[in-house]
Amino acid sequence: MTRIDIFSGFLGAGKTTLIKKLIAEAYQGEKLVLIENEFGEIAVDGGFLADAGVEITEMSSGCICCSLVGDFAEALEKVKAEYNPDRVLIEPSGVGKLSDVIRAVQDLGDSDLVPGSFTTVVDATRARMYMKNFGEFWCNQVENAGTIVLSRTKGMSAGKLEQCVAMLREHNPTAVIVTTPWDELDGRQLRAAMESEDTLKAELDRLAAEVEDDDEDEECCCGHDHHHEHHHEHHHDHDHEHEHEHGESCSCGHDHEHEHGHEHHHHHHHGHDADEVFTSWGAETARKYTEEEIASALAELDSLRLGQAVRAKGYVDSADGNGWIYFDYVPGERELRRGAASVTGRLCVIGANLDEDGLKELFSLG
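Figured I'd write up the structure that's included with this text. The structure displayed is predicted, hence computed values, not measured ones. (Residues numbered from 1 in each chain as written. Predicted model: local features only at pLDDT ≥ 70, side-chain atom pairs only at ≥ 80, totals over all residues. Heavy atoms only, no water.)

**Quick word on the packing of helix α6 (residues 135-143) against helix α7 (residues 158-171)**
With their axes 9 Å apart at the nearest point, α6 and α7 run at an angle of 85 degrees to one another. Relative to α7, α6 is oriented roughly perpendicular. Where α6 approaches α7, its residues W138, C139, V142 and E143 are matched on the opposing element by M167, L168 and H171. (Axes fitted to C-alpha atoms, helices over the stretch in contact; angles between N-to-C directions. Helix = DSSP H or I, 4+ residues; strand = E, 2+ residues; numbered from the N terminus. Parallel < 35°, antiparallel > 145°, perpendicular 65-115°, else oblique. Contact = heavy atoms within 4.5 Å.)

**Concerning the pattern of salt bridges**
Following the criterion strictly, the structure yields 26 salt bridges and no others. A salt bridge links E77 to K80; the shortest N-O distance between them is 3.6 Å. Taken together, the positions of E77 and K80, both in helix α3 (residues 69-83) and three residues apart, correspond to about one turn of that helix. Measuring nitrogen to oxygen at the nearest pair gives 2.6 Å for the salt bridge that ties D123 to R126. By relative accessible area, which is 4% here, D123 ends up buried. (Salt bridge = Lys/Arg side-chain N within 4 Å of Asp/Glu carboxyl O. Buried < 20%, exposed > 50% of the residue type's maximum accessible area, 1.4 Å probe, protein only.)

**Details of empty space enclosed by the protein**
Under the definition given, this model contains one cavity of 30 Å³ or more. Space inside the largest cavity adds up to approximately 40 Å³. Lining the largest cavity, in full, are F10, A13, V121, V122, D123, A127, Y130, W138 and Q141. Listing elements by their share of the lining of the largest cavity, those giving two or more residues are β5 (113-123), α5 (127-133) and α6. When residues in the lining of the largest cavity are grouped by element, the largest group, three residues, is from β5. Of the residues contributing to the lining of the largest cavity, the split by class is seven nonpolar, one polar and one charged. (1 Å grid on protein atoms, 1.4 Å probe; cavity = no way out; pocket = protein on both sides within 12 Å on 5 of 7 lines; lining within 4 Å. Points joined across faces, edges and corners; volume = space filled by probe spheres on them. Nonpolar A, V, L, I, M, F, W, Y, C, P; charged D, E, K, R; others polar.)

Okay, structure coming up:
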């Protein structure tokens, strides 16, 4: 079985640099084939990849997503027969539409060639300009991505980075957005994000499982042990087809509804009374925090003003630049420690009757 991963992104966004990092740090031991198409510039980028032991199929005329669509299946079958790779990395032209490339992969009709991750690299410093000037292509690449990896975030102000993420969220509310500078991340962290192993939903599910385990060990006042069964419902304002409703109109001709917070709401239904229903709230953020801000927010959870929080967990970039702040909370107790960077900051809270707007305000999410 060969997995096919697509790396989209505008010219100069950093696709090749990202692929090089993944080859060096995340794909060791895998047999790889890279299919590149940069309008005749393939040989320029091809050298170091060949040196890394990667077989390259060069396509120098047209691009995968337009004139090469007819030959695409044949080219992949040839690659499979000749190299039998574990993974094919496709790097389409920077002005290609990601939806066309995805469709070409999905239409292959070969059960041994399996669609994998769809990643778009976005230059955070030029995102707004590209959207305004090349909206049709830029919007398509962003809207169809499963993961959006931001490049050139190092040195950006917190406000500019938050504006960039908010703009991306208008076009794609469900993708994982990697906001952390690449030199602070290992390629395996990026791979986990791209393959949906490292997502906000996964964090919330892990936290819910911890709460469930705690509940199963507790005895209620009637003297019986109760097995708590948690069912997770994931509510999104948009589905994966990215349908857009009223809101801002971008140059790609679509209307996009504004959604500034990437939040997930989960309901955990117990086999007991309605007042025992837990809700979990999660958000992603590129904001930097001080330890005092996090400690103060966790102390506020004890006040019950925002509902009855039974567990909170998360990690955020630190304002002092000394690693990331990881935190754990149960009522009356909180633990803060420093740790390595993650792909983006995440905040998770589980409890009863949570005030979600209040939680957004508590963590300064605007």
